[in-house]
Amino acid sequence: MSAAVAPGVPDNICIVMMSAVGDAVHVLPVINALKRANSRTRITWVLQPGPAALVRGHRSVDEIIVFDRSRGMMAFADVSSELAKRRFDLVINLQVYFKAGIVTGAARAPVKLGFDRARARDLNWLFTNRKISPHPIQHVQDQYFEFLAALGVSPEPVEWDLGPWPDEREWQRNFVGSISRPIASIVVGTSKPEKDWVPERWAEVSDALAEEFGMQVVLVGGHSERELAAERLVMEHAKHKPRTELGSGLRHLVSILDASSLVLSPDTGPLHMSVALNRPVISLMGYTNPKRTGPYRRFQDLIIDAYGDPGEDYPISMENRPGRMQLIETSHVLEKVQVWRDRYVREVGG
């Protein structure tokens, strides 16, 4: 059934979005808008442990049910058991995959809102009884706002409120107090090797940031094998050794990014966290379409677009283009650092 949901925001909503950190960041303006429309609304969110650690404590998140995919099929049993204890007025399924459909099916609610049949994959559409209207592909953030439109809710103003939380400010003050120069945070890796940049070039950028721009470089990210390998290469090749904060945890990462004058990142969660925190971010885009997954509304002039060929007016699409991150040269990044210094240092307080 592709019918609009009755306008208005009910009192008890379950959000199904079990994906990565970047997607969790995109969900925050959705739940903030729902809370603005109905302050009584209680939001329960089903998501994975990583992004759960990021949004736990957020003012608009009342409850988190963790989907721990490392438990395999037992993850579905765990979540189903928790959902059986609750009843909702509305379930919003923000994912298009079958696993999200199973979780949506386990939730008890008279209305289950999901993607239109054309966009839902793996029979996901079978688990919802209301669909958002078909729509051309657009930025992921705007795609999520389609669910607000189905409820008659405006996404404006777009608010993330990612933090730092008040009890995190002391840690942030101590971190900033240990550094005497403006901070440039470099995100050394992503969840997919195709989105990563060349570590040796990160080392060149790090040295230039230290020598030419007087900045303290801080390496940030998780502690996957690939990220740790990239960290080692950067440290080996950089003349001015950056500080490393890999594996510090997502909430500490919020504080680090918030304290940064500049962030440099491929297409991954910290890029979108930086946008949410209104911290200038140089985006290195090649594998994924920046019109769909790049920084939302802000810092468009800091995008390094290796996805398209020079002068190519490519459409917004989900097509990935392997091998293009290597087209980004160190000089391209440093040109954007100069743009940042010329346009943003005074404007954003960098």
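The structure under discussion appears in the preceding block.
Every chain is numbered independently, its residues counted from 1 as its sequence is written. Reporting of local features is limited, given that this is a predicted model, to residues whose pLDDT is at least 70; pairs of side-chain atoms are given and counted only at 80 or more, and all residues count toward the totals for whole chains, interfaces and linings. In computing side-chain properties, one takes all heavy atoms of the structure into account and sets aside hydrogens as well as water.

1. Focus: the pairing of strand β4 (residues 90-93)
Our working rule: Buried means the residue's accessible area, taken with a 1.4 Å probe over protein chains only, is under 20% of the maximum for its type, while exposed means over 50%, and partly exposed covers the values in between. Under the DSSP-based scheme used, a helix requires at least four consecutive residues in state H or I and a strand at least two consecutive residues in state E, with every element numbered from the N terminus. Each pair of strands is called paired provided DSSP finds at least two bridges between the two strands. Handedness rule for crossovers: strands pointing away from the viewer, path from the first strand over the helix to the second running clockwise, crossover right-handed.
Along β4, one buried face is formed by Leu90 and Ile92 and the opposite face, lined by Val91 and Asn93, is buried too. Here strand β1 (residues 12-16) pairs with β4 via four bridges, running parallel. Paired with Cys14 across the bridge in β4 is Val91. With three bridges joining them, β4 and strand β5 (residues 111-114) adopt parallel strand pairing. Within the sheet, the bridge partner assigned to Ile92 lies in β5 and is Leu113. Viewed along the sheet, the connection from β4 through helix α4 (residues 98-106) into β5 turns out right-handed.

2. Brief notes about the pairing of β5
Covered by surrounding structure in β5 are Val111 and Leu113 together with Lys112 and Gly114, the residues of both alternating faces. For β5 and strand β6 (residues 130-131), the ladder comprises two bridges, and the chain directions are parallel. Directly across from Gly114, in β6, lies its bridge partner Lys131.

3. A word on the nonpolar core
Rules: Residues enter a nonpolar core if they are buried and are Ala, Val, Leu, Ile, Met, Phe, Trp, Tyr or Cys, with the set joined through side-chain atoms within 4.5 Å. Whether two residues are in contact is decided by their heavy atoms, any of which lying within 4.5 Å being enough.
Residues Ile15, Leu34, Trp45, Leu209 and Leu264 are the most contacted members of the largest nonpolar core, which totals 93 residues. Top contributing element to this core by residue count: helix α1 (residues 21-37), with nine residues. Every residue in contact with Leu34, bar those within four places of it in the chain, is listed here: Val9, Ile13, Ile15, Thr41, Ile43, Ile92, Leu148 and Leu151. Residues Val46, Phe76, Leu83 and Val103 belong to the second largest nonpolar core, which totals 16 residues.

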